[in-house]
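Structural features, examined
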Amino acid sequence: MTVRIGQGFDAHRLVAGRELWLGGVRVPHERGLEGHSDGDVLLHAVTSALLGALGEGDLGTWFPSGDERWRGAASAALLAPVLERMRARSLAVGNLDATVIAQEPRLGPFREAMAESVAQRLGVPRERVNVKVTSTDRLGAIGRGEGIAAEAVVLLVSATDPTPG
Ligand SMILES: [Zn+2]
């Protein structure tokens, strides 16, 4: 059985005049994440983890920030070609674990929706995805509410093997 592990990290600044999107879920907040796409740090960390597991570089090489194609793009659009590459290599998501690190807004009420949304975008059953939320106990830039970060770890397995969960 082939297994490949990958991890991803991303952080964006919170700014006025933007919608807040996390894991493909619109979270009501007076500020949103800056970025050349919709700034969805969770989907970016997930996509980055997938690239890591595939051994295929990083988000910056796949989606250069100067590239107009990705301006304002939903982050799901960035995920799609990476999933395509994964499937072309006969790999599937065994499970994925992610953490969103934010002081504000409080994300607990959106945890389940984010996990469901990420699972749906990955095309896997809900039980293969876990999303955790945490704050930094007011420490550092994130603790001051300047931005939001996310981490993800993904395990890829052979698409032909029975997958866990
Ligand atoms: Zn990002």
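Below is a summary of the structure that appears in this document. Remember, predicted model here, so these are calculated numbers, not experimental data.

On to the sheet that holds strand 6 (residues 129-134). The strands making up a sheet associate through backbone hydrogen bonding, with each pair oriented either parallel or antiparallel. Judged by pairing direction, the sheet is mixed, and its five strands sit side by side in the order 4-1-7-5-6 without closing on themselves. Of all strands in the sheet, those bounded by a partner on one side alone are strand 4 (31-33) and strand 6. This sheet shows a mean twist of 20° between the axes of neighbouring strands, independent of strand direction. In this sheet, strand 6 lies alongside strand 5 (residues 91-101) in parallel orientation, the contact comprising six bridges. Paired with Val100 across the bridge in strand 6 is Val133. Each of strand 1 (3-16), strand 4, strand 5, strand 6 and strand 7 (147-158) touches helix 1 (residues 41-54); the most contacted strand, strand 1, lies at about 155° to it. Packed on one face of the sheet, helix 4 (residues 111-122) meets strand 5 and strand 6 and runs near 145° to strand 6.

Using the criterion set out here, one finds seven salt bridges in the structure. The residue Arg85 makes a salt bridge to Glu56 at a minimum N-O spacing of 2.4 Å. Here Glu56 lies in the loop between helix 1 and helix 2 (59-62) and Arg85 lies in helix 3 (residues 75-88), a separation of 29 residues in the sequence. We classify Arg85 as partly exposed; its relative accessible area is 35%. A salt bridge links Glu112 to Arg126, with the nearest nitrogen and oxygen atoms 2.8 Å apart. Taken together, the residues Glu112 in helix 4 and Arg126 in the loop between helix 4 and strand 6 connect sequence positions 14 residues apart. In the salt-bridge network here, residues are joined through shared partners; they are Glu56, Arg85 and Arg89.

Bringing the pairing of strand 1 into the picture now. As paired elements, strand 1 and strand 7 share eleven bridges and run antiparallel to each other. Looking at the pairing, Gly6 lines up with Val154 of strand 7.

Here is the key point about a regular strand: its side chains alternate between the two faces of the sheet. When you tally the buried positions in strand 5, you get nine out of eleven residues, the bulk of the element. Looking at chain direction, strand 5 and strand 7 are connected through ten bridges and run antiparallel. Within strand 7, the residue paired with Leu96 across the bridge is Val154. The β-α-β motif built from strand 5, the intervening helix 4 and the parallel element strand 6 has right-handed crossover chirality.

With respect to the helices and strands, the residue Trp62 is situated in helix 2. Separated by 39 residues in the primary sequence, Trp62 and Ile101 place their C-alpha atoms 25 Å from one another. Ignoring any residue separated from it by four or fewer positions in sequence, one finds Trp62 in contact with Leu51, Glu56, Trp70, Pro81, Val82 and Arg85. Polar side-chain contacts of Trp62 include one of 3.0 Å to the backbone oxygen of Glu56.

Thresholds, definitions, all that
Residues numbered from 1 in each chain as written. Predicted model: local features only at pLDDT ≥ 70, side-chain atom pairs only at ≥ 80, totals over all residues. Heavy atoms only, no water. Pairing = 2+ DSSP bridges. Helix = DSSP H or I, 4+ residues; strand = E, 2+ residues; numbered from the N terminus. Axes fitted to C-alpha atoms, helices over the stretch in contact; angles between N-to-C directions. Contact = heavy atoms within 4.5 Å. Salt bridge = Lys/Arg side-chain N within 4 Å of Asp/Glu carboxyl O. Buried < 20%, exposed > 50% of the residue type's maximum accessible area, 1.4 Å probe, protein only. Right-handed = clockwise from strand over helix to strand, strands pointing away. Polar contact = N/O pair within 3.5 Å; in protein donor to acceptor, adjacent residues only side chain to side chain.

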